[in-house]
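# Structural characterization, general
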Amino acid sequence: MTILDGKALSLKIKDEMKKEVEELKQTRNIVPGLAVILVGDDPASHTYVKMKAKACKEVGIYSITHEMPSSISEAEIIETIEMMNKNPNIDGILVQLPLPEHIDSTKILEVISPKKDVDGFHPYNVGRLTSGLDSFVPCTPLGVMELLNEYHIDPKGMDAVVVGASNIVGKPMAALLLNANATVDICHIYTKDLKSHTQRADILVVGVGKPGLITEDMVKEGAIVIDIGINKTEDGKIVGDVDFEHVSKKASFITPVPGGVGPMTIAMLLKNTIKAAKGRN
Ligand code: BQF
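These figures come from a predicted structure and were not determined experimentally. (Residues numbered from 1 in each chain as written. Predicted model: local features only at pLDDT ≥ 70, side-chain atom pairs only at ≥ 80, totals over all residues. Heavy atoms only, no water.)

When its secondary structure is counted, the protein shows 10 helices and 11 strands. Whereas a compact globule of 281 residues would reach a radius of gyration of roughly 19 Å, the protein reaches 19 Å, a difference of no more than 12%. The principal-axis extent of the C-alpha atoms belonging to the protein is close to 50 × 45 × 40 Å. By sequence separation, contacts in the protein at least 24 residues apart represent 70% of the contacts at least 6 residues apart. In the structure as shown, the protein presents an accessible area of about 13900 Å², 53% of it carried by carbon and sulfur atoms. Across the protein, the mean location of the 31 positive side-chain charges is 5 Å away from that of the 37 negative side-chain charges. (Helix = DSSP H or I, 4+ residues; strand = E, 2+ residues; numbered from the N terminus. Rg over C-alpha atoms; globule rule 2.2 N^0.38 Å. Contact = heavy atoms within 4.5 Å. Areas by Shrake-Rupley, 256 points an atom, 1.4 Å probe, with all protein chains shown as cover. Lys, Arg positive; Asp, Glu negative; His and termini not counted. Charge placed at Lys NZ, Arg CZ, Asp CG, Glu CD.)

Another point: the sheet that holds strand S8 (residues 224-227). Pairing is parallel across the open sheet formed by six strands, whose spatial order is S1-S11-S8-S7-S5-S6. Of all the strands in the sheet, just strand S1 (2-3) and strand S6 (183-187) have a single pairing partner and so form its edges. Direction of pairing for strand S7 (residues 203-206) relative to S8: parallel, over a ladder of four bridges. Note that in S8 the partner of valine 206 across the bridge is aspartate 227. Against the sheet, helix H7 (residues 170-179) engages strand S5 (159-163), S6 and S7, with an angle of about 170° to S5. (Pairing = 2+ DSSP bridges. Axes fitted to C-alpha atoms, helices over the stretch in contact; angles between N-to-C directions.)

Enumeration over the complete set of coordinates arrives at one cavity of 30 Å³ or more. For the largest cavity, the calculated volume is near 30 Å³. Around the largest cavity, the lining residues are Ile93, Leu94, Val95, Leu109, Ile112, Asp117, Asp119 and Phe121. For the lining of the largest cavity, the leading source of residues is strand S4 (residues 92-95), giving three residues. (1 Å grid on protein atoms, 1.4 Å probe; cavity = no way out; pocket = protein on both sides within 12 Å on 5 of 7 lines; lining within 4 Å. Points joined across faces, edges and corners; volume = space filled by probe spheres on them.)

Since the α-helix turns once every 3.6 residues, residues separated by three or four places project in the same direction. Its 23 residues give helix H1 (residues 6-28) an end-to-end C-alpha distance of 31 Å, which sits within 8% of 33 Å, the value for a rise of 1.5 Å per residue. Among the residues making up H1, those that are buried are Gly6, Leu9, Ser10, Ile13, Lys14, Met17, Val21 and Leu24. After H1 finishes, the residue asparagine 29 shows a positive phi value of roughly 55°. (Expected span 1.5 Å × (residues − 1). Buried < 20%, exposed > 50% of the residue type's maximum accessible area, 1.4 Å probe, protein only.)

Aromatic ring pairs are described here by two measures, namely the spacing of the ring centres and the angle between the planes. Applying the stated criterion to the full structure yields one aromatic pair. The ring centre of phenylalanine 136 lies 5.8 Å from the NZ or CZ of lysine 275, which sits over that ring. (Phe/Tyr/Trp six-rings, centres within 6.5 Å; stacked < 30°, edge-to-face > 60°. Lys NZ or Arg CZ within 6 Å of the ring centre and 35° of its normal.)

Attention now goes to the site of the ligand. Every residue lining the ligand is accounted for by Tyr48, Met51, Lys52, Gln96, Leu97, Ile230, Pro258, Gly259, Gly262, Pro263 and Ile266. Within the contact set of the ligand, an oxygen atom lies 2.7 Å away from a side-chain nitrogen or oxygen of lysine 52. Here an oxygen atom of the ligand sits 3.0 Å away from a polar atom, N or O, in the side chain of glutamine 96. Breaking the shell around the ligand down by element, the ones donating at least two residues are helix H2 (43-59) and helix H10 (261-278). Residue composition of the shell around the ligand, by class: seven nonpolar, three polar and one charged. (Near = heavy atom within 4 Å. Polar contact = N/O pair within 3.5 Å; in protein donor to acceptor, adjacent residues only side chain to side chain. Nonpolar A, V, L, I, M, F, W, Y, C, P; charged D, E, K, R; others polar.)

Below, the discussion takes up unusual backbone geometry. A cis amide bond, omega 5°, links leucine 97 with the succeeding residue proline 98. The step from valine 257 to proline 258 runs through a cis peptide bond, and the omega angle for that step is 0°. Mapped onto the elements, proline 258 comes out in the loop between strand S11 (253-254) and H10. Although it is not a glycine, asparagine 29 adopts a positive phi angle of roughly 55°. Position of asparagine 29 relative to the elements: it lies in the loop between H1 and strand S2 (33-39). If you check the backbone angles, asparagine 181 has positive phi at about 70° while not being a glycine. Locating asparagine 181 in the fold gives a position in the loop between H7 and S6.

Side chains of S4 alternate between two faces, with Gly92 and Leu94 and Ile93 and Val95 buried alike. In this structure, S2 lies alongside S4, joined through four bridges in parallel fashion. Within S4, the residue paired with alanine 35 across the bridge is isoleucine 93.

Time to look at the pattern of salt bridges. Within this structure, the stated rule accounts for 11 salt bridges. Here aspartate 15 makes a salt bridge to lysine 19, at a shortest N to O gap of 3.8 Å. Remark: lysine 19 and aspartate 15 occur in helix H1; sequence separation between them is four residues, near one turn of the helix. Overall, the relative accessible area of 46% leaves aspartate 15 in the partly exposed class. Judged by its relative accessible area of 54%, lysine 19 falls in the exposed class. (Salt bridge = Lys/Arg side-chain N within 4 Å of Asp/Glu carboxyl O.)

As structure tokens, then:
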């Protein structure tokens, strides 16, 4: 069994991006810029946004965080995004999710210019991704593909099973695996017999948010197991959706939580911001 070390790969990628950012500055006088909109006081969201700002700083990307109270109106968020769309120093715009109940996320995300959509959630980029065209790709599934590539894992012809069908993780993950010529099966809360699906997987990708969801008996010998879940246990420990202790004995490759897909998500945000900056003019 080999651990897919997302932490180590993210450090390596950040090192490469730092050089790329320096070169952009030298050759084109461009400093990539990221704007983050953070609404409300969800502690997890604040933690994630801080990690993103810190990572930007590490590679030389300019970043601003625009904080708004949870009482803010949809119109005020939209107005802020429209300002950022027009700002030539901002290449990437990210609205930290989840938004408060009274805000329609879909409506907000559609206001972001598709050229600055570094999270890849705008329907324009979603459509381009499913069509197999160049697009901004959501950071978590993109990070998974980079991790597979680093360990020379080619999904072509494999049976891939994605558990979780969210717009942020599961659906774009399935699209990427399909584009990479895997046979893709997507499971969700209405799936009748989850185990009958997961047992067939050469690559199993799980992003649900249920600790211990994937047990040893649900995994094929030699499978590649990617755990996107982030759950806090009663004693404050961070765990994924996979019973790592037992499943790791059966898997050929497996991601840890923490230190697997999470750090790759952040690295891919930086990558998308640099991609956006390169596309200026
Ligand atoms: C690690 C996220 C659920 C809902 C909204 C490193 C992150 C997480 C874990 C991180 C996530 C999850 C982010 C680790 C960003 C990934 O070492 O394992 C980094 O910062 N993430 C987010 O912005 O919004 C979320 C999960």
